[in-house]
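Here is how the chains run, residue by residue.
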Amino acid sequence: MELLEEHRCFEGRQQRWRHDSTTLNCAMTFSIFLPPTENPPVLFWLSGLTCNDENFTTKAGAQRIAAELGIALVMPDTSPRGDDVADDAGYDLGKGAGFYLNATEQPWASHYRMYDYIRDELPALIKAEFAVSDRCAISGHSMGGHGALIMALKNPGKYTSVSAFAPIVNPTQVPWGQKAFTNYLGEDAEKWQEWDSCALMLASDSASAIPMLIDQGDADQFLAGQLQPAVLAEAARQKDWPLTLRIQPGYDHSYYFMASFIEDHLRFHAEHLFG
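All residue numbers here refer to positions counted from 1 along the written sequence of the relevant chain. Confidence filtering applies because this is a predicted model: local features only for residues at pLDDT of at least 70, side-chain atom pairs given and counted only at 80 or more, and all residues used for totals across whole chains, interfaces and linings. To get the side-chain values, take all heavy atoms of the structure and skip hydrogens and water.

### Quick look at the overall build of the protein chain
To be explicit about the condition: Numbering goes from the N terminus for both helices and strands, where a helix is a DSSP run of H or I of at least four residues and a strand is a run of E of at least two. For every residue, the accessible area obtained with a 1.4 Å probe (protein chains only) is divided by the maximum for its type, and the residue is called buried under 20%, exposed over 50%, and partly exposed between those limits. Note on contacts: a residue pair qualifies if any of its non-hydrogen atoms lie within 4.5 Å across the two residues.
Of regular secondary structure, the protein chain possesses nine helices and nine strands. For the C-alpha atoms alone, the extent of the protein chain along its principal axes is close to 50 × 45 × 35 Å. Going through the 275 residues of the protein chain one by one, you find that 59% of them count as buried. Sequence separation of at least 24 residues holds for 71% of the intrachain contacts in the protein chain that already meet a minimum separation of 6.

This is the structure:
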């Protein structure tokens, strides 16, 4: 691993690292905040379309509360990167738009295996290289909210809690998801279901349910066409899943929204990480 940056921050350390990923077949960058406490639990943060590992690090203002609570923050990139990695001219496909799945179609399948990277390779690397505990939670925004939800739903027992800001909860039914899934997974929509939070929740065992918090701004320009959190709320109602969905008046899709409520999310996760 190569240390790219390090900064003192709220008595902790904010770092940025590069490493060679065997899962993604390319060099990957991630950011990490290490609080001034020993053996902290970890919150993984998954960012949205067009983002990388620095958006949350520099815009959300999460470090102060993470330092107070004693939670490490791990911010991976949103897709594989490099000259050999397939890309697309659109902002919603290719680099910066990995959708946290394992692609099966070429030219994407060679590198776009973000699900395996987030589930297996990155946590193992963090555990091997940093003095953190085994307990972890997961959160994210928009496409990253989709990623956080499917990670939690597909891996019962791995995370203590899950949260999201403005997540794409029903990607099989909205344009962002349909474009990505058609390219990454092929035309067979049945194969898409295993990457859709609503389908996964309806197929889940409620006995393995973990606490879930979602914040959604009602001034979000993508709310009706791309996000549709009410669909997941109905699935949660049917499965008796412990979901708290908060509609926040006047908030949009930007990081100003996340900065306004990230403290709530960190304290929510702390209840379960230390519980």
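### What about the pairing of strand β4 (residues 42-46)?
The following threshold applies: Following DSSP output, two strands are said to pair if at least two bridges run between them.
Judged by how many residues are buried, β4 sits mostly within the fold: five of five residues are covered. Residues Val42, Phe44 and Leu46 line one face of β4 and the alternating positions Leu43 and Trp45 line the opposite face, and both faces are buried. Of the strand pairs in this sheet, β4 and strand β5 (residues 72-76) are connected by three bridges, and their pairing is parallel. Considered in β5, the bridge of valine 42 is made with alanine 72. Here β4 runs beside strand β6 (residues 136-141); their pairing, made up of five bridges, is parallel. Bridging from a neighbouring strand, leucine 46 pairs with glycine 140 of β6.

### Things to note about the environment of lysine 191
Among the structural elements, lysine 191 can be located in the loop between α5 (175-185) and α6 (197-202). Each C-alpha atom, one on lysine 191 and one on phenylalanine 10, is 45 Å from the other, the two residues being 181 residues apart in sequence.

### Some points on the side chain of asparagine 102
The condition that has to hold: Pairing of N or O atoms within 3.5 Å defines a polar contact, subject to two protein rules: one partner must be a possible hydrogen donor and the other a possible acceptor, and residues neighboring in sequence count only if both atoms are side-chain atoms.
The residue asparagine 102 is located in the loop between β5 and α3 (114-129) in this model. Its relative accessible area of 11% is what places asparagine 102 among the buried residues. Polar side-chain contacts of asparagine 102 include one of 3.0 Å to the side chain of aspartate 116.

### Remarks on α3
What counts, and what does not: What is called the bend at a residue is the angle between a pair of axes, fitted to the seven residues leading up to and ending at it and to the seven starting from it.
At glutamate 121, α3 shows its maximal kink, close to 30°; a proline, proline 123, follows between one and four residues later. Among the residues of α3, those classed as buried are Met114, Tyr115, Asp116, Tyr117, Ile118, Glu121, Leu122, Pro123, Leu125 and Ile126. In this fold, the buried residues of α3 make contact with β2 (12-21), β3 (26-34), β4, β5, β6 and α4 (143-154).

### Describing the environment of glycine 144
Take glycine 144: it is sitting in helix α4. Judged by relative accessible area, glycine 144 falls into the buried class, the value being 0%. Through-space distance from the C-alpha of glycine 144 to that of alanine 97 is 9.5 Å; in sequence the pair is 47 residues apart. Setting aside anything within four residues of it in sequence, one finds glycine 144 in contact with Leu46, Ser47, Gly48 and Tyr100.

### Overview of the nonpolar core
The condition that has to hold: In this description, a nonpolar core means a group of buried Ala, Val, Leu, Ile, Met, Phe, Trp, Tyr and Cys residues linked to one another through side-chain atoms lying within 4.5 Å.
Judged by nonpolar contacts, the single largest core of 67 residues is most densely connected at Phe99, Ile118, Leu122, Ile138, Tyr184, Met212 and Leu232. When sequence neighbours within four positions are dropped, the list of residues in contact with phenylalanine 99 reads Leu49, Thr78, Asp92, Met143, His146, Ile168, Trp176, Gly177, Ala180, Phe181 and Tyr184. Among the nonpolar cores identified, the runner-up in size contains 25 residues, and Phe33, Phe56, Ala66 and Ala67 belong to it.

### Quick word on the side chain of histidine 146
The topology assignment puts histidine 146 in helix α4. For histidine 146, a relative accessible area of 0% corresponds to the buried category. Polar side-chain contacts of histidine 146 include one of 2.9 Å to the backbone oxygen of phenylalanine 99. When near neighbours in sequence (up to four residues on either side) are disregarded, histidine 146 contacts Phe99, Pro167, Ile168, Pro171, Phe181, Trp195 and Ser197.

### A short note on unusual backbone geometry
Glycine aside, the phi torsion of most residues is negative, and most peptide linkages are trans. Here the residue pair glutamine 106 and proline 107 is connected by a cis peptide bond, since its omega of 5° sits within 30 degrees of zero. Structurally, the position occupied by proline 107 is in the loop between β5 and α3. With a phi close to 75°, threonine 50 is a non-glycine residue in the positive phi region. Examined against the element boundaries, threonine 50 turns out to sit in the loop between β4 and α1 (54-59). Classification of threonine 50 by relative accessible area gives exposed; the value is 54%.

### Describing the packing of aromatic side chains
This is how the line gets drawn: Note on ring pairs: Phe, Tyr and Trp rings are taken, using the six-membered ring of Trp, and paired if centres are within 6.5 Å. Classes follow the plane angle, with under 30 degrees stacked, over 60 edge-to-face and the rest tilted. We call a charge positioned over a ring when the NZ of a Lys or the CZ of an Arg lies within 6 Å of the ring centre and within 35 degrees of the ring normal.
Taken as a whole and judged by the stated rule, the model has 15 aromatic pairs. The rings of Trp45, Phe56, Phe165, Tyr251, Phe257 and Phe261 are connected pair by pair, giving a single aromatic cluster. The ring of tryptophan 195 has lysine 154 sitting right over it, with the charged end atom 4.4 Å from the ring centre. In this arrangement the basic side chain of lysine 158 is found over the ring face of tyrosine 159, its NZ or CZ atom lying 5.8 Å from the centre.

Everything listed is a geometric property; what it means functionally is a separate question.
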